[in-house]
Amino acid sequence: MKYQAVIGLEVHAQLLTQSKIFCGCSTRFGAAPNQNTCPVCAGFPGVLPVLNRQVVEFALKAGLATHCRIAESSRFARKNYFYPDLPKGYQISQYDAPICSNGYVEIETREGGVKRVRLTRIHMEEDAGKSIHEARGDASLVDLNRAGVPLLEIVSEPDLHSAAEATAYLKTLRAILQYLEICDGNMEEGSFRCDANVSVRPEGTSSLGTKTELKNLNSFKAVEKALEYEIRRHTEALAAGRSLVQETRLWDAEREATRSMREKELAHDYRYFPDPDLLPVQVDTAWIEKVRSTLPELPGARKQRFIAQYRLPAYDAELLTQRKDVADYFEAASKLGVDPKSISNWIVGDLFRVIKERRLDDRLYITDWPLAPERLAELVQLIGEGKISGKIAKTIFEEMLVSGRPARVIVAQRGLEQISDPASIEKAIDEVLAAHPEQIAQYRAGNEKIIAFLVGRIMKAARGKLHPQKTNELLRQKLDERKR
Amino acid sequence: MPITRDDLERVLLLARLSLPADEEARLVQELGEVLAYVEKLDRLATDDVPPMTHVVDIGASLRDDVVSNRPDTDALMANAPAREDGFFRVPKIIE
Amino acid sequence: MSLATLTIHELSQKLRQREVSAEEITRDVLGRIESTEGTIHSFITVLREPALEAAKAADERFHREPDPNPLLGIPLAVKDNVITRGIRTTAGSKILDDFLPPYDATVSAKLRAAGAVIIGKTNMDEFAMGSSAENSAFFPTRNPWDTARVPGGSSGGSAAAVAADQCAGALGTDTGGSIRQPAACCGIVGLKPTYGRVSRFGIIAFASSMDQVGPLTKDVTDCALLLEAIAGHDPSDSTSVDRPVPRYSEMLAGGVQGFRVGIPKEYFISGVQPEVERAVGAAIRVFQDHGAIIEEISLPHTEYAVAAYYIVATAEASSNLARYDGMRYGYRARGRDLTETYTLTRAQAFGAEVKRRIILGTYVLSAGYYDAYYLKAQKVRTLIRRDFDEAFSRCDILLTPTAPTTAFRLGEKIKEPLQMYLSDVFTIPANLAGLPALSVPCGFDAAGLPVGLQLIGRHFEESKLLRAAYAYEQATRWGALRPVLESA
């Protein structure tokens, strides 16, 4: 029998606000423990939350970009449970009246088609603090810097049927949030977190199998491997007629396996109820339209435009539009009138390599580009004009990274300009030929391969600056003349 | 709906409370009386009545996204039963 | 005559005219506390030295400021669930026994800015849960009119302190009657403002959708002055309402000629002490004699108010009190593991009534019961509010007894939670609907215990309540009578 996986994803995206969701504490990452705290986010007696407008605005952006219905009035609820890093004994979240619902995200399937993944809801909530368990034998340590950092919880419908689809969805969603500049999407640092609900059923049926919830998925690779593992585990169990337990399982990246979280001895009952400290969040049409008007072109649309406008292959367009900063860079370079495909080649090749080496893509925006787009455009232009060879261009590129000087300056200073006029090339050829009578004789004897050797000598003598094609042609001409 | 001893145990667990055994029995009875009293609400037809979650009819007033708190970790932690290196020290959390 | 017996406006007058200094007043009041506190037990914390310092600072300000705030140099008491920076704040609970807050409640900051002298933090039912001040984790407070009786609650310490001249006025909080009922029991004026009129920031929450801070004072004028000082929008409390604060103290005169006063018939039924009914009946005639139009009205859902209240209030409290877990501040018990630490901390440091309400509140919110209890109660709240909307379409104010009986004896109801809850039957509806309501003295029972008259107004119409109460006070002077206390 064939089986089908059914996957739904819950994403928690940390929002890039300056201050926390309900108080004026900083959200800055990496502060000393409990430095970004105050009586409000530390859950002291008598304090009250006041909602950050930017959080609502970011939720609206996310909702509009994913075709959600925006609620005119939404409200916060309390999710009650005890945990040392949950200062109030409840998390302020949205429950029965989320700000966004019924949206969708379109992803590309492996077959090249488009699939629509429905979103159940997007809601605002506060993050909890962090506990360090390993530090001491008999104690845990609690840091509340993260308590109260704003989150969007984005819940998909169980529309995904493979690990690959799930990853594609996550990548698309992350790219959207990054384009909106509301989340940096860093999975390792936990600013883009994902839990997955998985079940497996016989293909063609609509029944729902036993569901497991997967946690600790802190990279795309972890998501893909954990889902593959879990789907296999479910499928094997079903095929063998074994029953599964509905449970929460953790992905163990070292062992490459999921393991059951020891079920907490205390059953959960979150006792949600509307938070009396926060009045309903009201969003009018004017606000929605204002936010809509600020939405940037989103990755899917931009990719299609790149294909059409710059005549790029789909593969290039995909790579260039995954990040907004890269796509912006590409357009900034291309508008200077150089060949877009060449620009794309340089970005996807050499520039991406440097970005990876320098870990510049850890952050939402690359602010310190190794090379300004105008500089890259100039380099490509020099090649197009025949001023330098592609090989020389690589050298110049590396030097630009170090010195930051424009390509034309480097070319001029180091005399790297390509020599194209026949007289100069002929002069260089003649000098080499004069020194290599034996090789000329071999050529005359029919050894065509010797040409490559001679070109190498000529190029070396001219420090690589001769126009390669012209040099080849002229050398052949001269040798053939002598043959006659 | 009379409250049972099991209900009480479940609620005590949720609320992180405990009671001496003799008080539990008394509380089951007391809560039973209170719940019997509040059952008078069932006499009211409320299907078409919206719940009142807030007294105030206006929407939330929102704050600007500005960092306004100066860090004052010492003052914040001065009341902590146990602290260590700027952290709140708590009994070991077992995941 | 002792300075301690004077009202806020009388003291303010003397201070302005330089007849006395703030320091003299504060010393006099501290002396009064010293001689009476052994009998009354109004205070959890008396702030002797800080008060004298604040008084000296106030005296300096009198030299500098041409038009000083009416609260400058006035000794006030503050209920111990109002956060005071650097001053122990317990909410009457062992769990916050040694809590020193690093911040001020907005109302505390306002009092300090006005130059008031905070003389002490008053006793209360733990987390404001109670109607007698007997649920204090520390000690019960006695009624200055009869020390065998309770002062009412939960702001029992504040009410007793004002009645016993241990302060010129006080702040209390009122979730189901906790200002008005003790004010009635102690023969003083107490006002619960409209929900949203006064900031709740820094008020240790009991039931967030009903809690309000308000004044307890010796007369209506003081009540207006104190309300003026604490009212107003607060950016730190998003449920506080952005409306201008009227000069209540300048709007007291004018009388009740033509006022339409509604008498809800549901408040005059069995269970009301006959002397209370008589005193309130006499008050109605006073209003009538002064030109008010008296009209019997109906608030048909009144009998459901206590039930709805105990569901909503305990549900909110069960969540509000989850933060007292021994992790970041307050008492922590030693358990073998985390769960046991939580459980022992809360079991040892919360009192019986607090635990009872947390348990009830947790139960009504738990899976399978939410709709039957919590949602139902919220719907009934709507019905109660509609009753008032209907009544206020015809009336300016409503007039009722504040409490069904005068002050009861210590221990009389402590073993019967439901009976204790029912002593709030007349005060609770205003909290459910968020309406302003005040209690003003309207006579005495045969045992010489004060009776309170409750006036309920439309949202944000405190000025009308105060005006009516002032007219009544001027006509009767019940509040001018003070208990005679033997020095301990």
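Residues numbered from 1 in each chain as written. Chains lettered and ligands numbered in written order. Predicted model: local features only at pLDDT ≥ 70, side-chain atom pairs only at ≥ 80, totals over all residues. Heavy atoms only, no water.

## Digging into the overall build of chain A
- Check the secondary structure of chain A and you find 15 helices and 16 strands.
- Rg of the C-alpha trace for chain A: 30 Å, well past the compact-globule value of 23 Å for 484 residues, more than 25% over.
- As displayed, chain A has an accessible area near 21,600 Å², and 49% of this comes from carbon and sulfur atoms.
- Put simply, chain A has 70 plus and 67 minus side-chain charges, and the middle of one group is 4 Å from the middle of the other. (Helix = DSSP H or I, 4+ residues; strand = E, 2+ residues; numbered from the N terminus. Rg over C-alpha atoms; globule rule 2.2 N^0.38 Å. Areas by Shrake-Rupley, 256 points an atom, 1.4 Å probe, with all protein chains shown as cover. Lys, Arg positive; Asp, Glu negative; His and termini not counted. Charge placed at Lys NZ, Arg CZ, Asp CG, Glu CD.)

## Digging into the overall build of chain C
- What chain C contains, in helices and strands, is 15 helices and 11 strands.
- Rg of the C-alpha trace for chain C: 21 Å, near the compact-globule value of 23 Å for 488 residues, within the 12% margin.
- With the principal axes as the frame, chain C shows a C-alpha extent of 65 × 55 × 45 Å.
- Among the 488 residues that make up chain C, the fraction classed as buried is 69%.
- Across chain C, every contact between residues at least 6 apart in sequence was considered, and the portion connecting residues at least 24 apart equals 76%.
- As presented, chain C carries roughly 14,500 Å² of accessible surface, and 50% of it is formed by carbon and sulfur atoms.
- In chain C, the 52 positive side-chain charges and the 56 negative ones have mean positions that sit 3 Å from each other. (Buried < 20%, exposed > 50% of the residue type's maximum accessible area, 1.4 Å probe, protein only. Contact = heavy atoms within 4.5 Å.)

## Comments concerning the side chain of C:Thr402
All names here are of chain C.
- Mapped onto the elements of the fold, Thr402 is located in the loop between β9 (397–401) and α13 (417–422).
- One polar contact links Thr402 to Ser439, side chain to side chain, over a distance of 2.8 Å.
- Here the side chain of Thr402 touches Leu453 through a polar contact of 3.5 Å, landing on its backbone nitrogen.
- If we skip the residues at most four places from it in the chain, Thr402 touches Arg180, Gln181, Ala184, Phe426, Thr427, Ser439, Gly452, Leu453 and Gln454. (Polar contact = N/O pair within 3.5 Å; in protein donor to acceptor, adjacent residues only side chain to side chain.)

## A closer look at the confidence of the model for chain C
- Per-residue confidence for chain C gives a mean pLDDT of 96; residues scoring 70 or more make up 99%.
- The ipTM for the predicted assembly is 0.96, set against a pTM of 0.91. (pLDDT = per-residue confidence, 0-100.)

## Thoughts on empty space enclosed by the protein
Residues and elements named next belong to chain A.
- Across all of its chains, the model carries 9 cavities of 30 Å³ or more by this definition.
- Within this model, the largest cavity holds a volume of roughly 110 Å³.
- Lining the largest cavity are 17 residues, and of these Phe22, Val40, Pro49, Lys88 and Ile92 sit closest to its centre.
- Counted by class, the lining of the largest cavity contains 11 nonpolar, 1 polar and 5 charged residues. (1 Å grid on protein atoms, 1.4 Å probe; cavity = no way out; pocket = protein on both sides within 12 Å on 5 of 7 lines; lining within 4 Å. Points joined across faces, edges and corners; volume = space filled by probe spheres on them. Nonpolar A, V, L, I, M, F, W, Y, C, P; charged D, E, K, R; others polar.)

## Quick look at the packing of helix α13 (residues 437–444) of chain A against helix α14 (residues 450–461) of chain A
All names here are of chain A.
- Remark: α13 packs on α14, axes separated minimally by 9 Å, with the N-to-C direction vectors making an angle of 150°. If you check the angle between α13 and α14, you find them roughly antiparallel. In this structure, α13 meets α14 at a crossing whose hand is left-handed. Facing α13, whose interface residues are Gln439, Gln442 and Tyr443, α14 presents Ile450, Ile451, Phe453 and Leu454.
- Split by residue class, the contact of α13 with α14 holds 5 nonpolar, 2 polar and no charged. (Axes fitted to C-alpha atoms, helices over the stretch in contact; angles between N-to-C directions. Parallel < 35°, antiparallel > 145°, perpendicular 65-115°, else oblique. Left-handed = near helix turned anticlockwise from the far one by under 90°.)

## Considerations on the pairing of strand β11 (residues 450–457) of chain C
All names here are of chain C.
- Taken across its 8 residues, β11 has 8 buried, putting it largely inside the fold.
- Burial along β11 is two-sided: Pro450, Gly452, Gln454 and Ile456 facing one way and Val451, Leu453, Leu455 and Gly457 facing the other are all buried.
- As judged from the 5 bridges shared by β9 and β11, these two strands associate in the antiparallel manner. Pairing of Thr400 across the sheet is with Gln454, part of β11.
- Between the end of strand β10 (residues 437–444) and the start of β11, which pair antiparallel, lie 5 residues, with Gly448 showing a positive phi angle near 85°. (Pairing = 2+ DSSP bridges.)

## Some remarks on the sheet that holds strand β3 (residues 117–122) of chain C
Residues and elements named next belong to chain C.
- Taken in spatial order, the 11 strands of this open sheet run β1-β3-β2-β4-β6-β5-β10-β11-β9-β7-β8, and their pairing is mixed. Two strands in the sheet have a free side with no partner beyond their single neighbour: β1 (43–46) and β8 (293–297). Taking each pair of neighbouring strands and ignoring which way they run, the sheet shows an average axis angle of 30°.
- Taken together, the 6 bridges between β10 and β11 define a ladder with antiparallel strand orientation. Paired with Pro441 across the strands is Gly452, a residue of β11.
- On the sheet, helix α2 (residues 22–40) packs against β1, β2 (75–79) and β3 and is oriented at approximately 20° with respect to β3.
- Sheet strands in contact with helix α12 (residues 371–392) are β8, β9 and β11, and its direction is about 120° off that of β9.

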